[in-house]
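# Examination of the molecular architecture
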Amino acid sequence: MKQRLFSGIQPSGELHIGNYIGAIKQWLGFQESYESFFCIVDLHAITVRQDPAKLREQTRKLASWYLACGIDPEKSTMFVQSDVPAHAQMTWVFNTFTQMGELQRMTQYKDKSKQHAENINVGLFDYPVLMAADILLYDPEIVPVGEDQKQHIELARDIATRMNNAYGRELFVLPKYVGQKEGARVMGLDNPEKKMSKSAGSEWNYILLSDTADVVAKKIKRAVTDTDTVVRAGDDKPALTNLLTIYSMLTGTSIADLEKQYAGKGYGDFKTGMAEAMIAWLAPLQEKYAIYMNDPAELDRALSRGAQKANAVAQQKLHNVYQVVGLGR
Ligand code: TRP
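Being a predicted model, the structure only gives us computed values, none of them experimental.

### Observations regarding the site of the ligand
- Near the ligand you find 13 residues, and of these Tyr127, Met131, Asp134, Val145 and Gln149 are the closest.
- Contacts to the ligand include Tyr127, whose side-chain N or O atom sits 2.7 Å from a nitrogen atom.
- Summarising the interface, the protein chains cover 88% of the accessible area of the ligand, which totals 360 Å² for the free molecule.
- Elements with a minimum of two residues in the shell around the ligand: β1 (4-9) and α7 (122-136).
- Here the residues of the shell around the ligand are counted per class, giving 7 nonpolar, 5 polar and 1 charged.

### Regarding the nonpolar core
- Tyr66, Leu209, Ile246, Phe270 and Met278 are the most contacted members of the largest nonpolar core, which has 58 residues in total.
- No other element matches the 10 residues that helix α12 (residues 267-293) contributes to this core.
- Among the nonpolar cores identified, the runner-up in size contains 42 residues, and Cys39, Met106, Tyr138 and Val145 belong to it.

### Quick word on the environment of Ile46
- Examined against the element boundaries, Ile46 turns out to sit in the loop between α2 (42-45) and α3 (52-69).
- Residue Ile46 is classed as partly exposed on the basis of its relative accessible area, which comes to 48%.
- Here the alpha-carbon distance between Ile46 and Gln10, two residues 36 residues apart in the chain, equals 9.4 Å.

### Some words on unusual backbone geometry
- The backbone phi angle of Asp139 is positive, close to 50°, even though this residue is not glycine.
- Take Asp139: it is sitting in the loop between α7 and β4 (142-144).

### Considerations on the packing of helix α4 (residues 86-95) against α7
- For the pair α4 and α7, the least separation of the axes is 8 Å and the interaxial angle reads 120°. Our pair here, α4 against α7, has a crossing hand that is right-handed. Residue-level inspection shows His87, Met90, Thr91, Phe94 and Asn95 of α4 in contact with α7, the latter providing Asp126, Val129, Leu130, Ala132, Ala133, Asp134 and Leu136.
- A per-class count over the contact of α4 with α7 returns 7 nonpolar, 3 polar and 2 charged.

### Details of the pairing of strand β2 (residues 35-40)
- For β2, the tally of buried residues reaches 5 of 6 residues, placing the bulk of the element in the interior.
- Where β1 lies against β2, 6 bridges are found, and the strand directions are parallel. Of the residues in β2, the one forming a bridge with Ser7 is Phe38.
- Regarding topology, helix α1 (residues 17-31) serves as the crossover connection from β1 to the parallel β2, and that connection is right-handed.
- Here β2 pairs with strand β3 (residues 77-80) via 4 bridges, running parallel. Bridge pairing links Ile40 to Val80 in β3.

### Re the domain arrangement of the chain
- When its domains are assigned, the chain resolves into domain 1 (4-179 + 299-325) and domain 2 (203-290).
- Facing 12 residues of domain 1, the contacting portion of domain 2 comprises 14 residues.
- Summed over both sides, the interface of domain 1 with domain 2 buries roughly 1,300 Å², with 79% coming from carbon and sulfur.
- Our enumeration of links across domain 1 and domain 2 arrives at 0 salt bridges.
- At the junction of domain 1 and domain 2, the tally comes to 3 residue pairs in polar contact (both at pLDDT 80 or more).
- Of all the elements in the fold, those that place two or more residues in the side of domain 1 that touches domain 2 are α1 and α3.
- The element best represented in the side of domain 1 that touches domain 2 is α3, accounting for 5 residues.
- Within the side of domain 1 that touches domain 2, the residues separate by chemical class into 7 nonpolar, 2 polar and 3 charged.

### Considering α3
- Between the first and last C-alpha of α3 there are 26 Å, a value that for 18 residues agrees with the 26 Å anticipated at 1.5 Å per step.
- Looking one or two places after α3, you find Gly70, whose phi comes out positive at around 120°.

### A short note on the pattern of salt bridges
- Inspection of every chain in the model, using the stated rule, returns 14 salt bridges.
- Counted as one network, the salt bridges with shared partners bring together Glu32, Asp72 and Lys75.

### Regarding the side chain of His44
- Relative to the assigned elements, His44 resides in helix α2.
- When residues no more than four places from it in sequence are discounted, the contact partners of His44 are Gln10, Gln81, Tyr127, Leu130, Met131 and Asp134.

### Observations concerning the environment of Ser33
- Tracing the sequence through the fold places Ser33 in the loop between α1 and β2.
- Under the relative-accessibility criterion, Ser33 is labelled partly exposed at 42%.
- In the structure, Ser33 is positioned 111 residues away from Pro144 in sequence and 14 Å away in space, judged by C-alpha atoms.

### Some points on α7
- Its 15 residues place the ends of α7 21 Å apart at the C-alpha level, agreeing with the 21 Å of an ideal helix rising 1.5 Å per residue.
- The element α7 is largely enclosed, with a buried count of 13 among its 15 residues.
- One side-chain oxygen at the N-terminal end of α7 lies 2.9 Å from the backbone nitrogen of Gly123; it belongs to Asn121.

Each value, and the rule that gives it
Residues numbered from 1 in each chain as written. Predicted model: local features only at pLDDT ≥ 70, side-chain atom pairs only at ≥ 80, totals over all residues. Heavy atoms only, no water. Near = heavy atom within 4 Å. Polar contact = N/O pair within 3.5 Å; in protein donor to acceptor, adjacent residues only side chain to side chain. Areas by Shrake-Rupley, 256 points an atom, 1.4 Å probe, with all protein chains shown as cover. Helix = DSSP H or I, 4+ residues; strand = E, 2+ residues; numbered from the N terminus. Nonpolar A, V, L, I, M, F, W, Y, C, P; charged D, E, K, R; others polar. Core = buried A, V, L, I, M, F, W, Y, C linked by side-chain atoms within 4.5 Å. Buried < 20%, exposed > 50% of the residue type's maximum accessible area, 1.4 Å probe, protein only. Axes fitted to C-alpha atoms, helices over the stretch in contact; angles between N-to-C directions. Left-handed = near helix turned anticlockwise from the far one by under 90°. Contact = heavy atoms within 4.5 Å. Pairing = 2+ DSSP bridges. Right-handed = clockwise from strand over helix to strand, strands pointing away. Domains from an automatic or database assignment. Buried area = accessible area lost by both parts, 1.4 Å probe. Salt bridge = Lys/Arg side-chain N within 4 Å of Asp/Glu carboxyl O. Expected span 1.5 Å × (residues − 1).

Rendered as C-alpha cells:
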C-alpha cells in the first residue's frame, strides 16, 4: 500500500512562480509514489477578511492551476476544504486537546496579528488547529510545506500524540514535515534576500502564473542583479543565484550548464534568454488553465469527485474519533 501525502494552499491570491517551484512542482514529484491529497484551504482563507465573490473565484482559479500544472485527479485527490465538513468538526474536538499557550507561541499567529491588527479574530488564533485537522483526518506520512509551516506540523504531531496517549491506541499516524528541496526557495526579484511573496508590496517582486509575455519580460528586465557582471551562482551573488535557480527549475537545465551557456555574456543577454524560457514555459500552462476556467461544468465534476473521495476518508476518521471521545452513537 502506498503511503499518504497531504498538502494545501490558500485560495487567497494569484499563484506566482515561487508557489509553483516551492510547492506544486514538489507535489508533482510525489504524486506517483504517494496517495496524495491536495487541498484548497478556503476555511483558512477566511481568517482574514475576503470578498465573497472573489474568494469563490479564487478557489476555482486555484483548482484550475492545480490541474493545469499536472495534478492528476485520477491519481490524486484534489478537493476544496469547505466541501468536507469533517475538517471543521475535527477542529472542534482538537480545540479541546490544544492549550492556549501552544497557540500563543505560534510565530505565524504573532506575525499575522500584527499585519491584521484590526481583525485578530478567534479563527486566526485557531488556524493551526484547523490545519492539524486537515492533516490528521487523512493519516498522511508526509506533509510537504514551506519552512514557515514547520511549527504547525509539530503542533499536529503533538495533538496526535496526545490523543493517541489519552485513548491508548493508534488513532493517528504521526505526520512528518517535508521541507522544500535545496534550491526550491524562490526569492523576490526586487529583493533576493526575502522570499517571493504576493504581499511584498511591489509587483516587481514576483511573476504570476497568469502574467502575460510582455509583463514577464518587463519583470525579468527589472529584476535586481549583483554588483559585478558575471552570470554565476554563489553565496556572494544572491540575485543571480535566485534568477539561475528559477531559470534552472523551469527548464531542467542545471545551473552549471546555464553558467557555461552565458559565460562571457552580460546580464542583458542572460535576462533575454531567461525571459524567453519563462514565456515558453508559461504558454502551455496558461492554455491548459484557460481550458479548465472556460469549462465550469468539468471543473465542478473534478471538484465533486475529489470532495467525495476526501469525504469518504475523513468521515471514517471523524467517526473513529467520535467513538473514543464519547460522541455519536
Ligand atoms: N497553512 C498552510 C500555508 O499557509 C496551508 C495549509 C492549510 C496546509 N492546511 C494545510 C498545508 C495542511 C499543509 C497541510 O501554507
